[in-house]
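As a plain string of letters, each chain reads:
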Amino acid sequence: MLDEATIAAIADDLAQAERTRSKIGLLTAKYPDMTVEDSYAVQNEWRRRGEAAGRRLYGHKIGLTSKPMQQATGITEPDYGAIFADQVYDTGAVIDHSQYSGVRIEVELAFVLRDELRGPDVSLFDVLRATEYVVPALEVLSSRIEMEGRTIVDTISDNAALGAMVLGGRPVAADAVDLRRVNALLYRNETIEDSGVAAAVLDHPARGIVWLANKLAEHGDVLQAGETVLAGSFTRPMWVHPGDTVHADYGELGVITCRFE
């Protein structure tokens, strides 16, 4: 395990990279013995500093849950990160592209929890019972660490590459539709770039929430009632640039649109 001073120094470097919209080198190159637990310690220090500064925890994101995402990154196990309220946009938002680095978009479903989920041994049915509603969401990815050659240790330390979240479309109860078969078409500037089905996320998008609740229990944490959880992408990350308009069509669950400037 890395010592506290090293954890704090890494968090300082990542904070500086976020302020300057730049990237630091691979942590695994600088600290070859760094473990997954070390990387979550870095992420927790980032979260602690945010909450100490008055930022409100809005929820969590789960990453690397689908084959398309694992193939795109070369990483084969899920990870998670924290979402603050000031990182959340509504559909129709105009987003400042320059506040992020390595900007990409993913298509997801977000679960809004009515009840607490406390692992271990949380099941799929526990998640469905605890969910108030499910709503379409886009995740904006932003990288503070070099992307080429990164491992899960780098990604977790980087708060799972979260930049922001865009919510929209039609909220539905967890049993109102077959969540496995929710599909989406992803457009950039009126051209379809990708499509996907939510079953690509661990065979059922709620299984991402199962994994997260049980993983958080290993770190002495829980999913709180009222949290919003991004369940994982079922498309590959799509690069976006200043001037791009993004449109995601979820069929009966509605649409999300945002523009980057």
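- The name given to the chain in an unreviewed UniProt entry is 2-oxo-hept-3-ene-1,7-dioate hydratase, with the source organism recorded as Brevibacterium epidermidis.

### Here's the deal with the overall build of the chain
Then step 1. In terms of helices and strands, the chain carries 7 helices and 13 strands.
Then step 2. For 261 residues, the compact-globule estimate of 2.2 N^0.38 gives 18 Å, and the chain sits close to it at 17 Å.
Then step 3. A total of 261 residues make up the chain; the buried ones form 54% of that total.
Then step 4. Accessible area for the chain stands at about 11000 Å²; split by element, carbon and sulfur atoms hold 48% of it.
Then step 5. If you average the places of the 25 positive and of the 40 negative side-chain charges in the chain, the two averages end up 1 Å apart.

### Examining the UniProt feature "domain: Fumarylacetoacetase-like C-terminal" (unreviewed entry) in the chain
Then step 1. Feature annotation in UniProt places "domain: Fumarylacetoacetase-like C-terminal" (unreviewed entry) on residues 100–260, given in this structure's numbering.
Then step 2. For the annotated span residues 100–260, helix accounts for 17% and strand for 35% of the residues, and the straight-line distance between the end C-alpha atoms is 11 Å.

### Observations regarding the packing of aromatic side chains
Then step 1. One pass over the full model with this rule turns up 3 aromatic pairs.
Then step 2. Taking the centre distance of 4.5 Å and the plane angle of 20 degrees together, the rings of Tyr-40 and Tyr-80 count as stacked. In this pair, Tyr-40 sits in helix H3 (residues 36–52) while Tyr-80 sits in strand S2 (residues 79–84), placing the two residues 40 residues apart along the sequence. An identical accessibility class is assigned to Tyr-40 and Tyr-80; each is buried.
Then step 3. By way of ring pairs, the aromatic residues Tyr-40, Tyr-80 and Trp-211 are connected into one cluster.

### Some words on the nonpolar core
Then step 1. In this structure, Leu-109, Leu-138 and Tyr-250 are the most contacted members of the largest nonpolar core, which totals 53 residues.
Then step 2. Counting residues per element, this core draws most heavily on helix H7 (residues 205–218), at 6 residues.
Then step 3. Counting 12 residues, the second largest nonpolar core, distinct from the first, contains Ile-10, Ile-24, Leu-27 and Met-34.

Reading guide: rules and limits
Residues numbered from 1 in each chain as written. Predicted model: local features only at pLDDT ≥ 70, side-chain atom pairs only at ≥ 80, totals over all residues. Heavy atoms only, no water. Helix = DSSP H or I, 4+ residues; strand = E, 2+ residues; numbered from the N terminus. Rg over C-alpha atoms; globule rule 2.2 N^0.38 Å. Buried < 20%, exposed > 50% of the residue type's maximum accessible area, 1.4 Å probe, protein only. Areas by Shrake-Rupley, 256 points an atom, 1.4 Å probe, with all protein chains shown as cover. Lys, Arg positive; Asp, Glu negative; His and termini not counted. Charge placed at Lys NZ, Arg CZ, Asp CG, Glu CD. UniProt positions renumbered as here; feature names shortened; annotations may be inferred. Phe/Tyr/Trp six-rings, centres within 6.5 Å; stacked < 30°, edge-to-face > 60°. Core = buried A, V, L, I, M, F, W, Y, C linked by side-chain atoms within 4.5 Å.

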